[in-house]
Amino acid sequence: MVEVARKTFAGPVTFLKSAPGLRFLPDPVAPEVAFAGRSNVGKSSLLNALTGRNGLARTSNTPGRTQELNFFDVGDAPLFRLVDMPGYGFAKAPKDVVRTWRFLVNDYLRGRDVLKRVLVLIDSRHGIKDVDREILDMLDKAAVSYRLVLTKADKVKATDLAEVVARTAADARKRPAAHPDILATASEGGMGIPELRAAVLEAIG
């Protein structure tokens, strides 16, 4: 699966469109795997590492900048789509922006039949925070399958990483819609990226 996934992501990956509201969503013609995470969790860097393309997802020094669902086609036709969801948990965003985000994300999660899995990114240095639990609760309520992915795993000691993986897995086991296995990744060194690619392919079946 790892080798098949490597070849798949080595093929065409193109930005399709940004959707600031449900009426802008692309036609549901291919399975989708979405990426969710706090604003500074390293989502754009991980998407770029996953696809092997430096500028595919824009990285921003201003957390919470992405307020739209960004769609990327993988493969010709396409085979499936990656969806970059707007980051959550940004303290400085106005209340109406947060409310708009909540409506957009909630409606997308509940109403998208082609959505196969959400990969929820958790910073290895902090583990699951209260703001992460809010999105996990939202996913559980919407009965959307999701998997927890630790980012920045190269920024913590191996013993601390093992502890956060165990803690995160214990949390996942209590949740009805969570995949039991936790992935630990690092965008810079490529740790866990082949396994993450395989997890995307596994999710779309």
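Fair warning: this is a prediction, and the values are worked out from it, not measured in the lab.

Undergrad: So what exactly am I meant to see when it comes to the side chain of Asp84 here?
TA: By secondary structure assignment, the location of Asp84 is in strand S4 (residues 80–84). Relative accessible area serves as the criterion here: at 3%, Asp84 is assigned to the buried category. Within the local environment of Asp84, its side chain forms a polar contact with the side chain of Lys43, the two groups lying 2.6 Å apart. Asp84 has contacts with Phe35, Lys43, Ser44, Leu47, Ala57, Glu68, Leu69, Asn70 and Phe72, leaving out every residue within four places of it along the chain.

Undergrad: So what exactly am I meant to see when it comes to the packing of aromatic side chains here?
TA: Given two aromatic rings, their pairing is described by the distance between the two centres and the angle made by the two planes. Under the defined criterion, the tally for this structure stands at 4 aromatic pairs. Taking the centre distance of 5.8 Å and the plane angle of 70° together, the rings of Phe9 and Phe80 count as edge-to-face. Linking Phe9 in helix H1 (residues 2–10) with Phe80 in strand S4, this pair joins segments that are 71 residues apart in sequence. Of the two residues, Phe9 and Phe80, neither departs from the other in class, the shared state being buried.

Undergrad: Just checking my understanding: could you explain the pairing of strand S6 (residues 146–151) for this structure?
TA: Within a regular strand, side chains alternate between the sheet's two faces. The buried fraction of S6 is high, at 6 of 6 residues. The alternating pattern of S6 places Tyr146, Leu148 and Leu150 on one face and Arg147, Val149 and Thr151 on the opposite face, and all of these are buried. Here 6 bridges tie strand S5 (residues 115–123) to S6, and the two strands are oriented parallel to one another. Among the inter-strand pairings, Val120 is bridged to a residue of S6, identified as Leu148. Remark: the S5/helix H4 (residues 130–142)/S6 crossover connection has right-handed handedness.

Undergrad: Help me understand the layout of surface pockets, please; the structure alone is not making it clear to me.
TA: Over the atoms rolls a probe the size of a water molecule, and in doing so it shows where empty space is left. Estimated volume of the second largest pocket: approximately 160 Å³. Along its surface, the second largest pocket is lined by 10 residues, and Tyr88, Gly89, Trp101, Arg102 and Val131 are the ones closest to its centre. A breakdown of the residues in the lining of the second largest pocket according to their chemical character gives 7 nonpolar, 1 polar and 2 charged.

Undergrad: Please explain helix H3 (residues 95–111) as it appears in this structure.
TA: Structural remark: α-helix, 3.6 residues per turn; residues separated by three or four positions point the same way. Here H3 is 17 residues long and its end C-alpha atoms lie 24 Å apart, about the 24 Å a rise of 1.5 Å per residue gives. Along H3, the positions that sit buried rather than exposed are Trp101, Leu104, Val105, Tyr108 and Leu109. Axial view of H3: buried residues confined to an arc of 120°, hence all on one face. Within H3, the exposed residues directed more than 90 degrees away from the buried face are Lys95, Phe103, Arg110 and Gly111. In this structure, the buried side of H3 is in contact with strand S1 (13–19), strand S2 (32–37), strand S3 (69–74), S4, S5 and H4.

The rules we used
- Residues numbered from 1 in each chain as written.
- Predicted model: local features only at pLDDT ≥ 70, side-chain atom pairs only at ≥ 80, totals over all residues.
- Heavy atoms only, no water.
- Helix = DSSP H or I, 4+ residues; strand = E, 2+ residues; numbered from the N terminus.
- Buried < 20%, exposed > 50% of the residue type's maximum accessible area, 1.4 Å probe, protein only.
- Polar contact = N/O pair within 3.5 Å; in protein donor to acceptor, adjacent residues only side chain to side chain.
- Contact = heavy atoms within 4.5 Å.
- Phe/Tyr/Trp six-rings, centres within 6.5 Å; stacked < 30°, edge-to-face > 60°.
- Pairing = 2+ DSSP bridges.
- Right-handed = clockwise from strand over helix to strand, strands pointing away.
- 1 Å grid on protein atoms, 1.4 Å probe; cavity = no way out; pocket = protein on both sides within 12 Å on 5 of 7 lines; lining within 4 Å.
- Points joined across faces, edges and corners; volume = space filled by probe spheres on them.
- Nonpolar A, V, L, I, M, F, W, Y, C, P; charged D, E, K, R; others polar.
- Expected span 1.5 Å × (residues − 1).
- Arc of directions from axis to C-beta.

Interpretation note: all reported values are geometric properties and have no functional meaning in isolation.
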